[in-house]
Amino acid sequence: MDDERGESRDEGGSASAQDEFRTLLRAQRVWDTELPAFDPATAPGEPLPLFHRWFAEAVAAGQPEPHTMTLATADERGRPDVRTLMLHDADVRGWHFATHATSAKGRQLARRPEAALGFYWAAQGRAVRLRGAVAVADAAETRADLRARSKGALAAALVGRQSEVLGSAAELARVSEDAWERAGHDPVPEARSWTGYVLEPDEVEFFQGEARRRHVRLRYRREGTTWARELLWP
């Protein structure tokens, strides 16, 4: 039933709770700090050096977890899916990440090997977006990636079964404890479904926020073996 203001009341909460949320949401401010300037005329001819530079500047600015990124894929029906994960490398081949091939994103990439990545570094009002084809890394690279992980991250990889329905918290605790023990004692543990991926971008956009909303957007587009650069309206 609707109240006098047209707000729908249901089990999710009252109209007053919705008002409180909206008030809180609209009270948030963006970029309450001095933002760096970005002159796209000084940008390099390829996106990778600029990404390396911006990443280093995000670290220097104190951005928490600057290697955190969003990965967008599509399922068999073409519906978009998105999640947060960690960047493992960025080199001339592309942007690297890893997951279980049996996970939802691993299955989606097997069916449709294309994806998009997004980084947001709020400390400097910067974002980077990429999209392109995704290739599976070779087994040696995947094993090296697994060995380089921290004990906790390695244990999580050893648990496996990512995206499957979990029966109970107790089951997770039991399997996780076993994986933690393996991660601490086996120097080269095996996680059969753990797979490395490389996104080879054909588009990379660098976004620099500006206090008066005259944002700078520089897009690189791959044209054969070279990159074209163009500015976009904010």
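Cut-offs applied
Residues numbered from 1 in each chain as written. Predicted model: local features only at pLDDT ≥ 70, side-chain atom pairs only at ≥ 80, totals over all residues. Heavy atoms only, no water. Pairing = 2+ DSSP bridges. Helix = DSSP H or I, 4+ residues; strand = E, 2+ residues; numbered from the N terminus. Core = buried A, V, L, I, M, F, W, Y, C linked by side-chain atoms within 4.5 Å. Buried < 20%, exposed > 50% of the residue type's maximum accessible area, 1.4 Å probe, protein only. Contact = heavy atoms within 4.5 Å. pLDDT = per-residue confidence, 0-100. Phe/Tyr/Trp six-rings, centres within 6.5 Å; stacked < 30°, edge-to-face > 60°. Lys NZ or Arg CZ within 6 Å of the ring centre and 35° of its normal.

Participant: Run through the pairing of strand β2 (residues 80-86), naming residues and quoting values.
Facilitator: As defined by bridge partners, strand β1 (residues 68-74) adjoins β2 across 7 bridges and the pair is classed as antiparallel. Bridge assignment links T68 to a residue of β2, and that residue is M86. Taking the residues that link successive antiparallel strands as the turn, the β1-β2 hairpin has 5 residues, and the phi of G78 there is positive, at about 85 degrees.

Participant: Please give an account of the nonpolar core that cites residues and values.
Facilitator: Counting 29 residues, the largest nonpolar core has F51, W95, F119 and V128 as the members making the most contacts within it. Sorting the residues of this core by element identifies α2 (47-60), β1, β4 (94-100), β5 (114-121), β6 (126-136), β7 (194-208) and β8 (216-223) as the ones contributing at least two each. In terms of residues, this core owes the most to one element, α2, which gives 5 residues. Not counting residues within four places of it along the chain, the set of residues in contact with W95 comprises L48, F51, L87, D89, A90, L117, F119, L130, Y197, V198, L199 and P201. If you look at the next biggest cluster of nonpolar residues, it comprises 5 residues, including A98, L146, A157 and A191.

Participant: Break down the confidence of the model for the protein chain for me, with residues and values.
Facilitator: With 87% of its residues at a pLDDT of at least 70, the protein chain reaches an overall mean of 88. In the model, residues 1-5 has pLDDT below 50 throughout and makes 8 contacts with residues more than four positions away in sequence or in other chains.

Participant: Account for unusual backbone geometry, with residues named and values stated.
Facilitator: One can expect most non-glycine residues to show negative phi and most peptide bonds to be in trans. In the Ramachandran plot, E65 falls in the positive-phi region, its phi being about 45 degrees despite a non-glycine side chain. With respect to the secondary-structure elements, E65 resides in the loop between α2 and β1. Backbone geometry places R213, a non-glycine residue, at a positive phi of 65 degrees. Along the polypeptide, R213 turns up in the loop between β7 and β8.

Participant: Describe the packing of aromatic side chains, listing the residues and the values that go with them.
Facilitator: By the definition in use, this model includes 12 aromatic pairs. Ring geometry for F38 and W54: centres 5.1 Å apart, planes at 75 degrees, overall edge-to-face. In this pair, F38 is assigned in the loop between α1 (15-27) and α2 and W54 in helix α2, connecting sequence segments 16 residues apart. Take F38 and W54: they sit in the same class, and that class is buried. Geometrically, the ring pair formed by F97 and Y197 is stacked, given 5.5 Å between the ring centres and 15 degrees between the ring planes. Taken as a pair, F97 in strand β4 and Y197 in strand β7 lie far apart in primary sequence, 100 residues in all. For Y197, a relative accessible area of 5% gives the class buried. In this structure an aromatic cluster arises from ring pairing among F38, W54, F206, Y220 and W227. One residue, R126, lies across the ring of W54, its end atom 4.1 Å from the ring centre.

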